[in-house]
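One letter stands for each residue in the lines below.
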Amino acid sequence: MLAAFIYFPPPHWYKSPEWVLVLVGIVTAGAIVWQSWETRRAVMATLRPRLLVRGIEVVPGEIVDVVGVMPQSQNWHIRVGVANSGGSKARIIESNLTFTKTNPFSDGFKIVLPTFPPYSKERKSFGRFTVEAGEHTERMVQLDFDMTMRLKLQRTIRAGGGGAGNSMYCMGFFQYQDTFRVTRRTAFSFRYDTETERFERVDNSDYNYAD
């Protein structure tokens, strides 16, 4: 007798008006969620981060007195100024800092740069960090012994009136991601001017650009 009170749904329950309304509600909710997500993506795209390298400079190290020899300076650094002119934060995932030389007399007095920047294999020069929207930050990289001696030689050439000699270039890039993990790159390149002892930006879109 109890079996007579057990409810069995009709074989085509999904055709009942109640279930049709449930399915319509699910589809509508999914459409609203998708539309909201796409709207957010569109808004964030207009507020995407945009990294710019403002400039770089040499930071000479401290003077160390050594008995019997001329005073030496150690722990030289390169300081790079990075700004985010976009509307959302940029998360740096890779970075590179490369030094190279080009002989200005190899093609008359015209300095010839390779089509593709000769970056080193290093991809963690500046470490991983985040630049918030509208933020300006500076990153320091300590130079190794070889690079320190090159910069000292450039200054010695200038002090001795030996002319510009070989041109030294400092180049590199910042690889970064936005909120949606879209990857972009900002590249930079500067030439060391022995007359002013400053790095001057290279006017070349293959070396200086912001995606």
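Small disclaimer: the values here were computed from a predicted structure and weren't measured.

**Concerning the overall build of the chain**
Link 1 in the chain: Per the secondary structure count, the chain includes 2 helices and 11 strands.
Link 2 in the chain: Starting at the N terminus, the α and β elements of the chain follow one another as α-β-β-β-β-β-β-β-α-β-β-β-β.
Link 3 in the chain: For the chain, with 211 residues in total, the buried portion stands at 33%.
Link 4 in the chain: Taking as baseline every contact in the chain between residues at least 6 positions apart, the subset at least 24 positions apart corresponds to 69%.

**Thoughts on the sheet that holds strand β4 (residues 77-84)**
Backbone hydrogen bonds are what pair the strands of a sheet, in a parallel or an antiparallel way.
Link 1 in the chain: The strand order across the open sheet formed by 3 strands is β1-β4-β7, and the pairing between neighbours is antiparallel. The open sheet terminates on both sides in strands that have one partner only, identified here as β1 (51-59) and β7 (136-142). For this sheet the average axis-to-axis angle between neighbouring strands, irrespective of direction, equals 20 degrees.
Link 2 in the chain: As paired elements, β4 and β7 share 7 bridges and run antiparallel to each other. Residue Gly81 lies in a different strand from β7, and its bridge partner there is Glu138.

**Overview of the environment of Ser205**
Link 1 in the chain: In this fold, Ser205 is placed in the loop between β10 (198-201) and β11 (209-210).
Link 2 in the chain: Take Ser205: its relative accessible area is 59%, and that puts it in the exposed class.
Link 3 in the chain: Note: C-alpha distance between Ser205 and Phe188 (17 residues apart in sequence) is 9.4 Å.

**Section: the nonpolar core**
Link 1 in the chain: Ile78, Phe99, Phe174 and Phe199 are the most contacted members of the largest nonpolar core, which totals 27 residues.
Link 2 in the chain: Sorting the residues of this core by element identifies β1, β4, β5 (90-102), α2 (145-159), β8 (167-177) and β9 (183-193) as the ones contributing at least two each.
Link 3 in the chain: Beyond its immediate chain neighbours, meaning those up to four positions away, Ile78 contacts Ile56, Glu57, Val58, Leu97, Phe99, Arg139, Met140, Val141, Leu143 and Phe199.
Link 4 in the chain: Core analysis: the second largest hydrophobic core is formed by 7 residues, Tyr119, Phe173, Val202 and Tyr207 among them.

**Description of the packing of aromatic side chains**
Link 1 in the chain: The tally for this structure, following the rule as stated, stands at 6 aromatic pairs.
Link 2 in the chain: Geometrically, the ring pair formed by Phe188 and Phe190 is tilted, given 6.4 Å between the ring centres and 50 degrees between the ring planes. Side by side, Phe188 and Phe190 carry an identical accessibility label, which is buried.
Link 3 in the chain: An aromatic cluster of at least three residues, connected via ring pairs, comprises Phe126, Phe129, Phe174, Phe188 and Phe190.
Link 4 in the chain: Arg139 extends its terminal NZ or CZ atom over the ring of Phe129, reaching a point 4.0 Å from the ring centre.

**Some words on the pattern of salt bridges**
Link 1 in the chain: Tallied over the full model, the rule gives 4 salt bridges.
Link 2 in the chain: With its nearest N and O atoms 3.8 Å apart, the salt bridge here joins Arg198 to Glu200.
Link 3 in the chain: Under the relative-accessibility criterion, Arg198 is labelled exposed at 52%.
Link 4 in the chain: Taken together, the salt bridges that share partners define one network made up of Glu57, Arg79 and Glu138.

**Points about the pairing of β8**
Link 1 in the chain: In terms of burial, β8 is a largely internal element, 11 of the 11 residues being buried.
Link 2 in the chain: Of the two faces of β8, the one lined by Ser167, Tyr169, Met171, Phe173, Gln175 and Gln177 and the one lined by Met168, Cys170, Gly172, Phe174 and Tyr176 are each fully buried.
Link 3 in the chain: Bridging between β8 and β9 involves 9 bridges; their strand directions are antiparallel. Within the sheet, the bridge partner assigned to Phe173 lies in β9 and is Ala187.
Link 4 in the chain: Between the antiparallel neighbours β8 and β9 lie 5 residues, among them Arg181 with a positive phi of about 65 degrees.

**Here we look at unusual backbone geometry**
Negative phi characterises most residues that are not glycine, and trans characterises most peptide bonds.
Link 1 in the chain: The phi dihedral of Arg181 falls on the positive side, at around 65 degrees, and the residue is not glycine.
Link 2 in the chain: Within the element layout of this structure, Arg181 appears in the loop between β8 and β9.
Link 3 in the chain: In this structure, Glu197 is a non-glycine residue whose phi angle is positive, near 55 degrees.
Link 4 in the chain: Following the sequence through the fold, Glu197 ends up in the loop between β9 and β10.
Link 5 in the chain: Given the relative accessible area of 31%, Glu197 is considered partly exposed.

Cut-offs used in this document
Residues numbered from 1 in each chain as written. Predicted model: local features only at pLDDT ≥ 70, side-chain atom pairs only at ≥ 80, totals over all residues. Heavy atoms only, no water. Helix = DSSP H or I, 4+ residues; strand = E, 2+ residues; numbered from the N terminus. Buried < 20%, exposed > 50% of the residue type's maximum accessible area, 1.4 Å probe, protein only. Contact = heavy atoms within 4.5 Å. Pairing = 2+ DSSP bridges. Axes fitted to C-alpha atoms, helices over the stretch in contact; angles between N-to-C directions. Core = buried A, V, L, I, M, F, W, Y, C linked by side-chain atoms within 4.5 Å. Phe/Tyr/Trp six-rings, centres within 6.5 Å; stacked < 30°, edge-to-face > 60°. Lys NZ or Arg CZ within 6 Å of the ring centre and 35° of its normal. Salt bridge = Lys/Arg side-chain N within 4 Å of Asp/Glu carboxyl O.

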